[in-house]
Amino acid sequence: MSTTSAIDTRVCRTPLGVEIVTGERGPGRLPGARAADPAHRIHATDAGAYLFVGLRSAPAPPGTDPVAVHLAPGDLCFYDAHQPAILDFPERFRATVFLVPGDLLALTPADARRITRTPVPRASRLGTLLSPLLADLARTAFEARPPVGEMLASNAVSMLATLAAEQLAAHAPGSPDGQAPVLGRIMEYVELHLTDSDLSPEAIARAHHISVRYLHKLFQDEGTTVGRWILRRRLEECRRDLTRYGRGSRTIAAVAGRWGFTSPTHFSRVFRAAYGMSPREWRDAAGRR
């Protein structure tokens, strides 16, 4: 992790490819490409602290209609770092920006375009939980020693992945009324129990007082299955741990076991199927980077 300072801005860079940028900002644009998207504007009338997540993934397909997003202090807003929005803000405001590679959040360009149009209000259920937590985490990352700072950045990515998943579920086209909040709570539950090797559709359904059949329908409507979602999230966490620890104190089997994989052979097989290389090859490549 490295930290640089400017008059108004601090930047924290981590080996995961995540950058945390904080500071007082004036009118202008958010960190990202030099050319802002004139059709995408973010408006705020009140001075205060705002949270942004710049997605560094493949550029989203260009929109045909102008997008105007209105924020209040404490709101959290995703944006495309390749096409940052033009800001219409007070003369000075406080900003915390997480610049995150899109693949760490498992977002396609189409997904990114959907969530950049709808901010997460500070007063919402997840906003109340995550807005102050992410702001505190960013402040702590600048003061922490490199290993701790890297862990904090990884935790931020996990929280943002959960938030992005809920945003996508809440605004999925054609979703029945009342379905998205249930799915959001289920995804939160999965995040909290990823390390539990006994996590199963039956356990999830029982915890949410729904039938297993209805649980499968919720995920089917999102184009996936419960098992695939759990596997994907566990593999993402293992990949991050292998990047962070390298050839350190944790073995590949220990990383796999931490995230609920009881068989090292099975873990190696599904990891290679997902990423095109073995866990050892991924760890070694990350070490060279």
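Residues numbered from 1 in each chain as written. Predicted model: local features only at pLDDT ≥ 70, side-chain atom pairs only at ≥ 80, totals over all residues. Heavy atoms only, no water.

Undergrad: How should I be thinking about the overall build of the protein in this particular structure?
TA: Per the secondary structure count, the protein includes 10 helices and nine strands. Relative to all contacts within the protein whose residues are 6 or more apart in sequence, the contacts with residues 24 or more apart total 72%. A total accessible area of about 13,800 Å² is found for the protein, and carbon and sulfur atoms account for 54% of it. (Helix = DSSP H or I, 4+ residues; strand = E, 2+ residues; numbered from the N terminus. Contact = heavy atoms within 4.5 Å. Areas by Shrake-Rupley, 256 points an atom, 1.4 Å probe, with all protein chains shown as cover.)

Undergrad: What is the right way to look at the nonpolar core in this model?
TA: Nonpolar side chains in soluble globular proteins generally cluster together in the buried interior. Counting 35 residues, the largest nonpolar core has L55, L76, F78, F98, V100, L105 and L134 as the members making the most contacts within it. Where this core is concerned, the elements lending two or more residues are strand 5 (49-56), strand 7 (76-80), strand 9 (93-101), helix 1 (109-115), helix 2 (125-143) and helix 3 (146-170). It is helix 3 that provides the largest number of residues to this core, a total of nine residues. Setting aside its immediate chain neighbours within four residues, L134 contacts L51, L76, F98, A156, M159 and L160. V190, F219, V226 and C238 belong to the second-largest nonpolar core, a separate cluster that totals 28 residues. (Core = buried A, V, L, I, M, F, W, Y, C linked by side-chain atoms within 4.5 Å. Buried < 20%, exposed > 50% of the residue type's maximum accessible area, 1.4 Å probe, protein only.)

Undergrad: Help me understand the pattern of salt bridges, please; the structure alone is not making it clear to me.
TA: Pairs may arise between side chains of opposite charge once their charged atoms sit close together. All told, the structure shown has 12 salt bridges when counted by the stated rule. For the salt bridge of R233 with E237, the shortest nitrogen-to-oxygen distance reads 2.8 Å. Here the residue R233 and the residue E237 both occupy positions in helix 7 (residues 226-245), the gap between them amounting to four residues, near one helical turn. For the pair R233 and E237, a shared accessibility class is recorded, and that class is buried. Of the charged contacts, one joins R240 and E237 as a salt bridge, the two residues approaching to 2.8 Å between their closest N and O atoms. In this pair, R240 and E237 both sit in helix 7, three residues apart, roughly one turn of the helix. The pair R240 / E237 is uniform in exposure class, with both members buried. (Salt bridge = Lys/Arg side-chain N within 4 Å of Asp/Glu carboxyl O.)

Undergrad: It is not clear to me how helix 2 should be interpreted in this structure. Could you clarify?
TA: Residues separated by three or four positions in an α-helix point in the same direction, a consequence of the helix having 3.6 residues per turn. Along its 19 residues, helix 2 runs 29 Å from first to last C-alpha, staying within 8% of the 27 Å computed at 1.5 Å per residue. Within the span of helix 2, buried status applies to L126, G127, L130, S131, L134, A135, L137, A138, A141 and F142. (Expected span 1.5 Å × (residues − 1).)

Undergrad: Is there a simple way to explain the sheet that holds strand 4 (residues 37-43) in this structure?
TA: Either a parallel or an antiparallel arrangement is found when strands of a sheet pair, and the pairing is made through backbone hydrogen bonds. Read across the sheet, three strands follow the order 6-4-8 without closing on themselves; strand pairing throughout is parallel. The two strands at the open ends of the sheet, each matched to only one other strand, are strand 6 (67-70) and strand 8 (85-88). Averaged over all adjacent pairs, the angle separating strand axes in this sheet is 30°, with direction ignored. Across four bridges, strand 4 lies against strand 6 in parallel orientation. Following the sheet pairing, I42 is matched in strand 6 by V69. (Pairing = 2+ DSSP bridges. Axes fitted to C-alpha atoms, helices over the stretch in contact; angles between N-to-C directions.)

Undergrad: What should I look at first to understand helix 6 (residues 212-220) in this one?
TA: For helix 6, the full list of buried residues reads L215, L218 and F219. Summarising the axial view, the buried residues of helix 6 lie within an arc of 90°, below the 170-degree limit, and thus occupy one face. Across helix 6 from its buried face, at more than 90 degrees, point the exposed residues R213 and Q220. (Arc of directions from axis to C-beta.)

Undergrad: Explain unusual backbone geometry here, please?
TA: A negative phi angle characterises most non-glycine residues, just as the trans form characterises most peptide bonds. A positive phi angle, near 55°, is found at H209, a position not held by glycine. The topology assignment puts H209 in the loop between helix 5 (201-207) and helix 6. Accessibility expressed as a relative area gives 74% for H209, which makes it exposed.

Undergrad: Explanation requested: the pairing of strand 2 (residues 9-13) in the structure shown.
TA: Within a regular beta strand, the side chains point alternately toward one face of the sheet and then the other, so they alternate between its two faces. Bridging between strand 2 and strand 3 (residues 19-25) involves five bridges; their strand directions are antiparallel. Across the sheet, residue R13 finds its bridge partner in strand 3, namely E19. Taking the residues that link successive antiparallel strands as the turn, the strand 2-strand 3 hairpin has five residues, and the phi of G17 there is positive, at about 90°.

Undergrad: Quick question: what am I supposed to make of the side chain of H43 here?
TA: Positionally, H43 belongs in strand 4. Residue H43 is classed as buried on the basis of its relative accessible area of 19%. Ignoring any residue separated from it by four or fewer positions in sequence, one finds H43 in contact with A68, V69, H70, L71, D88 and F89.

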